[in-house]
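# Commentary on secondary and tertiary structure
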Amino acid sequence: MRSDILGYTFWGRPILCLQGGDGPRRVLICAAHHGSEWITMLLLRRFWSEFCVRGDWRRAAHLWVVPCVNPDGCALSMGQVAPWSPQYLCARSIARREPDLPFPSGWKANGRGVDLNLNYPALWDQAVETKGLAGPAPRNWPGPCPFSEEETRLLAELTVLAEPDVMVTLHAQGEEIYWEFGGIPVAGAESLGRLMAERSGYRLTSVPPESAYAGYKDWFIQEFRRPGYTVECGLGENPLPVRETDQIYRAVRPILRTALLGC
Ligand SMILES: [Zn+2]
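Residues numbered from 1 in each chain as written. Predicted model: local features only at pLDDT ≥ 70, side-chain atom pairs only at ≥ 80, totals over all residues. Heavy atoms only, no water.

## A closer look at the overall build of the protein chain
Looking only at helices and strands, one finds nine helices and eight strands in the protein chain. Since a compact globule built from 263 residues should have a radius of gyration of about 18 Å, the 17 Å found for the protein chain is in line with a globular shape. Based on the C-alpha atoms only, the size of the protein chain along its principal axes is roughly 50 × 35 × 35 Å. Restricting the contact set of the protein chain to residue pairs at least 6 apart, pairs at least 24 apart contribute 80%. Just so you have it, the protein chain exposes about 11,100 Å², and 50% of that area is on carbon and sulfur atoms. Here the protein chain contributes 27 positively and 29 negatively charged side chains, and the mean placements of these two sets differ by 5 Å. (Helix = DSSP H or I, 4+ residues; strand = E, 2+ residues; numbered from the N terminus. Rg over C-alpha atoms; globule rule 2.2 N^0.38 Å. Contact = heavy atoms within 4.5 Å. Areas by Shrake-Rupley, 256 points an atom, 1.4 Å probe, with all protein chains shown as cover. Lys, Arg positive; Asp, Glu negative; His and termini not counted. Charge placed at Lys NZ, Arg CZ, Asp CG, Glu CD.)

Printed below as a string of structure tokens:
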């Protein structure tokens, strides 16, 4: 088991990667591309803790875990950024452009106001067109160009190094599993997705059109043509309450276990 710092965010927070296991199957799981979805970081940390003590799991796979892709956005949404800090004040002025979104709890973007799950080079132009935003925002701005952000570049570099057989990226909320991108055929993706759905009670479905571009799962499927899943954990309004972590984990655990073991 080892822990590495992949790099640092705009506000100087480390992005951690945990990895371990001796098995032949290569599995990468990440969480919290979106600040207000920080509960996914707690879910993934719990799965990692279980992986560390389960010999049968560790013999089945080598697992890479990035518990928090967006530490700045999560810290802001969780109320961990001091209200008198330049980071908070800058984010607050960006957030005024969307007054209906609670601040700071509803913040989804990274510290620069870029929606990280719209920043990957996978039909990125279509994301720009669909979202119609021209600058920093608390959500939905794809950035000035694909991979403009350190967080997305670091995760992509790790993915290229790890060459995972399967990838899962945790979001919230909706109790759904997305598995497709751009009609690209991926052997085994639908059947594995069906198993995840049966075991969790979540729905295996197509991505809503407004979220169908430039995400990490989209880029992963485009580049690797291997099974990659976005899992929308829990149900309700983000940020989901921390007291629901146990209950949500009961559904998410079998999804991650299925990805890990491949059956
Ligand atoms: Zn999300």
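## Section: the environment of Ala-197
Topologically, Ala-197 is positioned in helix 7 (residues 189–200). A residue is classified by how much of its surface remains accessible, and Ala-197, at 12% relative accessible area, is buried. Separated by 21 residues in the primary sequence, Ala-197 and Glu-176 have C-alpha atoms spaced 8.2 Å apart. If we ignore the near neighbours within four places in the chain, the residues touching Ala-197 are Ile-177, Tyr-202 and Leu-204. (Buried < 20%, exposed > 50% of the residue type's maximum accessible area, 1.4 Å probe, protein only.)

## Focus: the coordination of the zinc ion
Bound to the zinc ion on the protein side are His-34 (ND1), Glu-37 (OE), Glu-37 (OE) and His-171 (ND1), at distances that span 2.0 to 2.5 Å. Of note is the zinc ion, whose four donor atoms meet at the metal with angles of 56 to 152° in an arrangement that counts as irregular. Mapped onto the polypeptide sequence, the residues donating to the zinc ion form the spacing pattern H-x2-E-x133-H. Remark: His-171 occurs in strand 5 (residues 166–172) and His-34 occurs in the loop between strand 3 (25–31) and helix 1 (39–53); sequence separation between them is 137 residues. A relative accessible area of 6% means that His-34 is categorised as buried. For His-171, a relative accessible area of 2% corresponds to the buried category. (Donors = N, O, S within 2.8 Å, 3.2 Å for Na, K, Ca; no water. Tetrahedral: all angles 85-135°; square planar, octahedral: opposite > 155°, others 65-115°.)

## Examining the packing of aromatic side chains
Counted under the stated rule, the structure contains 11 aromatic pairs. Relative to Tyr-216, the ring of Tyr-120 has its centre 5.4 Å away and its plane inclined at 45°; by these criteria the two rings are tilted. Of this pair, Tyr-120 sits in the loop between helix 4 (86–95) and helix 5 (124–131) while Tyr-216 sits in helix 8 (residues 216–224), and the two are 96 residues apart along the sequence. Under the relative-accessibility criterion, Tyr-120 is labelled buried at 0%. Under the relative-accessibility criterion, Tyr-216 is labelled buried at 0%. Across from the ring centre of Tyr-249, 5.5 Å away, lies the NZ or CZ of Arg-46, which sits over that ring. (Phe/Tyr/Trp six-rings, centres within 6.5 Å; stacked < 30°, edge-to-face > 60°. Lys NZ or Arg CZ within 6 Å of the ring centre and 35° of its normal.)

Functional significance is not addressed by these values, which are geometric in nature.
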